Amino acid sequence: MSQLPPQLTVCPACHEPLEPADNFCGGCGTDLSAVPSAPGAARPAGGPRRAGTPPARGADDHRAAPRGGAVPGQPAHGTGPGTPCAACRSGMIDNDGYCENCGHAQPRERDHMEHESAGVAAVSDRGLRHHRNEDAFATSTAALPDGSPAVVAVVSDGVSSAARPDEASAAACAAARDTLVTGLAGGTDPREATRRAVVSAAEAVAALAGPAAEAREHTPYRQENAPACTIVSAVVTGDLLTVGWVGDSRAYWVPDDRGTQPARLTEDDSWAAQMVAAGLMSEAEAYADERAHAITGWLGADAYEVEPHTASYHPDRPGVVVVCTDGLWNYAESAEQMAAVVPPDARSRPLECARRLLAHALDGGGHDNVTVAVLPFPTRPEGAGSA
């Protein structure tokens, strides 16, 4: 098969960056030897959705050296064997996920996911640069022993330098959500339930490595790194807001009254955060450094002892909690920047808010997977029950 023409540096279908010797696109599976190299060559349907953009700020999540990212929700689309091709519309999908007619790889179920239930909405997207979505989210509502509602959101970012990061994030979200719902329904204090949920998530991710896995330092060889991820959760119970986290996924508080102060509710386990905390760099300097996203805390078999961070707050006014991966907050790092892109009607339209925040990240470059959950505070009365 002929090699890629020198002038073709990005895939004409999805704009994934290409190497000179590539015969097929690693992002969408396009046969590059059959693609016209002239400008304006036809693109398969859906290609422009992920148009190439200049690399954005920051780097993919990776684990730092010692001391120094839905459970799929309701997918917006999905394909499987025997279904029509999303690109050419005429071929059928084989068992490997490729079109038997045009050869295009099909969108994965996790490429874009959305879910909304009473009291919470979440969106997750592959972004514009990655070939798969390694983020996940899980949401639920439950009834407390007194009958009042509790709303739960968990977001996780798979560590890109680890093996099977997509499985790690999904396992973490499922375990944390289930532990939270069970604990809250049984009367466990929200902060203690959150701590237990993070521990449960850590155990679920560690189990993915198999019984032979042992804790070990970071190595540059991806196949030797155990599955790993970050985690952040938020729980709304009455007038109490509780968050928990490990890694650099974040939670923000954005009040309805934009004349009052928004707040970031979590502190990153990252190289940048350590530099700022030690007074060695300003926040702007630290997050501009190429080492900024090296995380110092994560969930996984090769993690150091997991120390769940938890915090509780009593907001004195209505607003929303934004729980997200760095694929979003890279484009709105400070609480003020996040509040500026949260729409005024976010509390009454949380799903539209989540979509707007996703669009903000994609418009900014979309270099990473993007996942965001939005929880109105206080919980709407209809939030009781199970999702």
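Here the structure is shown first, and the text comes after it.
To start, this report covers the structure provided alongside it. (Residues numbered from 1 in each chain as written. Predicted model: local features only at pLDDT ≥ 70, side-chain atom pairs only at ≥ 80, totals over all residues. Heavy atoms only, no water.)

1. Considerations on helix 7 (residues 350–364)
Note the threshold: Numbering of helices and strands runs from the N terminus; a helix is a DSSP stretch of H or I covering at least four residues, while a strand is a stretch of E covering at least two. To estimate how far a helix should extend, the number of its residues minus one is multiplied by 1.5 Å. Burial classes follow relative accessibility: with a 1.4 Å probe on protein chains only, a residue under 20% of its type's maximum area counts as buried, one over 50% as exposed, and anything between as partly exposed.
The end-to-end C-alpha distance of helix 7 is 21 Å, a good match for the 21 Å that 15 residues give at a rise of 1.5 Å each. For helix 7, the full list of buried residues reads Pro350, Leu351, Cys353, Ala354, Leu357, Leu358, Ala361 and Leu362. Gly365 sits one or two residues past helix 7 and shows a positive phi near 140°.

2. Examining unusual backbone geometry
In this structure, Pro378 follows Phe377 across a cis peptide bond, with omega equal to -5°. Within the element layout of this structure, Pro378 appears in the segment after strand 16 (370–377). Unlike most non-glycine residues, Arg164 shows phi in positive territory, near 45°. Looking at the secondary structure, you find Arg164 in the loop between strand 6 (149–157) and helix 1 (165–185). We classify Arg164 as partly exposed; its relative accessible area is 34%.

3. Let's talk about the side chain of Asn330
Note the threshold: Whenever a nitrogen or oxygen atom comes within 3.5 Å of another N or O atom, the pair is scored as a polar contact, on the condition that within protein one atom can donate a hydrogen and the other can accept it, and that pairs from neighbouring residues in sequence are kept only if both atoms are in side chains.
You can see Asn330 is positioned in the loop between helix 5 (326–329) and helix 6 (335–341). Judged by relative accessible area, which is 2%, Asn330 ranks as buried. Side chain to side chain, Asn330 and His293 meet in a polar contact 3.1 Å long.

4. Comments concerning the environment of Ala121
How we decide: Contacts were defined at the residue level, with two residues in contact if any of their heavy atoms lie within 4.5 Å.
Position of Ala121 relative to the elements: it lies in strand 4 (residues 120–125). As for Ala121 and Thr139, which are separated by 18 residues in sequence, their C-alpha atoms are 7.8 Å apart. Excluding residues within four positions of it along the chain, Ala121 makes contact with His115, Glu116, Pro350, Leu351, Val372, Ala373 and Val374.

5. Here we look at the sheet that holds strand 8 (residues 231–237)
Applicable threshold: In this description, strands pair whenever DSSP reports at least two bridges between them. Here an angle of 0 to 180 degrees is reported between the N-to-C directions of two axes, which are lines fitted to C-alpha atoms, with helices fitted over the stretch in contact.
The five strands are arranged 5-6-8-9-14 in an open sheet whose pairing can be described as antiparallel. With partners counted over all chains shown, the strands left at the sheet margins are strand 5 (135–143) and strand 14 (309–313), one partner each. Pairwise comparison of adjacent strand axes, ignoring direction, gives a mean angle of 10° for this sheet. Across nine bridges, the pairing between strand 5 and strand 6 is antiparallel. If you follow Thr141 over to strand 6, its bridge partner there is Val151.

6. Here's the deal with helix 1
Between its first and last C-alpha atoms helix 1 spans 30 Å; for 21 residues at 1.5 Å apiece the expected length is 30 Å, and the two agree. Directly beyond the C-terminal end of helix 1, a positive phi value near 95° is found at Gly187.

7. Focus on the packing of aromatic side chains
The test is simple: Stacked, tilted and edge-to-face are the three classes assigned to paired rings of Phe, Tyr and Trp, where Trp is represented by its six-membered ring and a pair needs centres within 6.5 Å; plane angles under 30 degrees give stacked, over 60 edge-to-face, the rest tilted.
In the structure shown here, the tally under the stated rule is three aromatic pairs. Measuring from centroid to centroid gives 5.7 Å for Trp253 and Phe377, while their planes differ by 85°, and the two rings are edge-to-face. With a gap of 124 residues between them, Trp253 in strand 10 (residues 250–255) and Phe377 in strand 16 connect regions that are remote in the sequence. For the pair formed by Trp253 and Phe377, the shared burial category is buried. Between Tyr287 and Trp329, the aromatic rings sit 5.8 Å apart at their centres with planes inclined by 85°, giving edge-to-face as the arrangement. Taken together, the residues Tyr287 in helix 4 (residues 283–288) and Trp329 in helix 5 connect sequence positions 42 residues apart. For Trp329, a relative accessible area of 0% translates into the label buried.

8. Quick notes on the nonpolar core
Applied cut-off: Nine residue types can take part in a nonpolar core, namely buried Ala, Val, Leu, Ile, Met, Phe, Trp, Tyr and Cys, and a core is a set of them joined through side-chain atoms within 4.5 Å.
Val322, Leu328, Met338, Val342, Leu357 and Val372 are the most contacted members of the largest nonpolar core, which has 36 residues in total. For this core, the element with the highest residue contribution is helix 7, accounting for seven residues. The residues contacting Val372, other than those within four sequence positions of it, are Ala121, Ala122, Val123, Val322, Val323, Cys324, Leu328, Ala354 and Leu357. In terms of nonpolar packing, the next biggest core, distinct from the first, is built from 23 residues, Leu144, Val152, Val154 and Cys229 among them.

9. Notes on the pairing of strand 10
Burial of strand 10 is extensive: six of the six residues sit out of reach of the surface. Here strand 10 shows two buried faces, one formed by Arg250, Tyr252 and Val254 and the other by Ala251, Trp253 and Pro255. By the bridge criterion, six bridges tie strand 10 to strand 15 (residues 319–324) in an arrangement that is antiparallel. Bridge pairing in strand 15 places Val254 opposite Val320. Two strands pair when backbone bridges link them, and strand 10 and strand 11 (residues 263–264) are joined in this way by two bridges, in the antiparallel orientation. Pairing of Trp253 across the sheet is with Ala263, part of strand 11.

10. Details of the pattern of salt bridges
Quick reminder of the rule: By salt bridge we mean one thing: a side-chain nitrogen of Lys or Arg within 4 Å of a carboxyl oxygen of Asp or Glu.
In total, this model carries 15 salt bridges according to the counting rule given. Its salt-bridge partner being Arg164, residue Glu167 comes within 3.2 Å of it at the nearest N-O pair. With relative accessibility at 36%, the residue Glu167 sits in the partly exposed group. Through salt bridges with shared partners, a single network forms among Arg250, Arg264, Asp268 and Glu283.

11. Considering the environment of Thr237
Mapped onto the fold, Thr237 is located in strand 8. Since its relative accessible area comes to 8%, Thr237 is described here as buried. C-alpha separation for the pair Thr237 and Ser148, spaced 89 residues apart in sequence, amounts to 7.8 Å. Excluding its chain neighbours within four sequence positions, the residues that come into contact with Thr237 are Leu144, Pro149, Ala150, Leu184 and Pro190.

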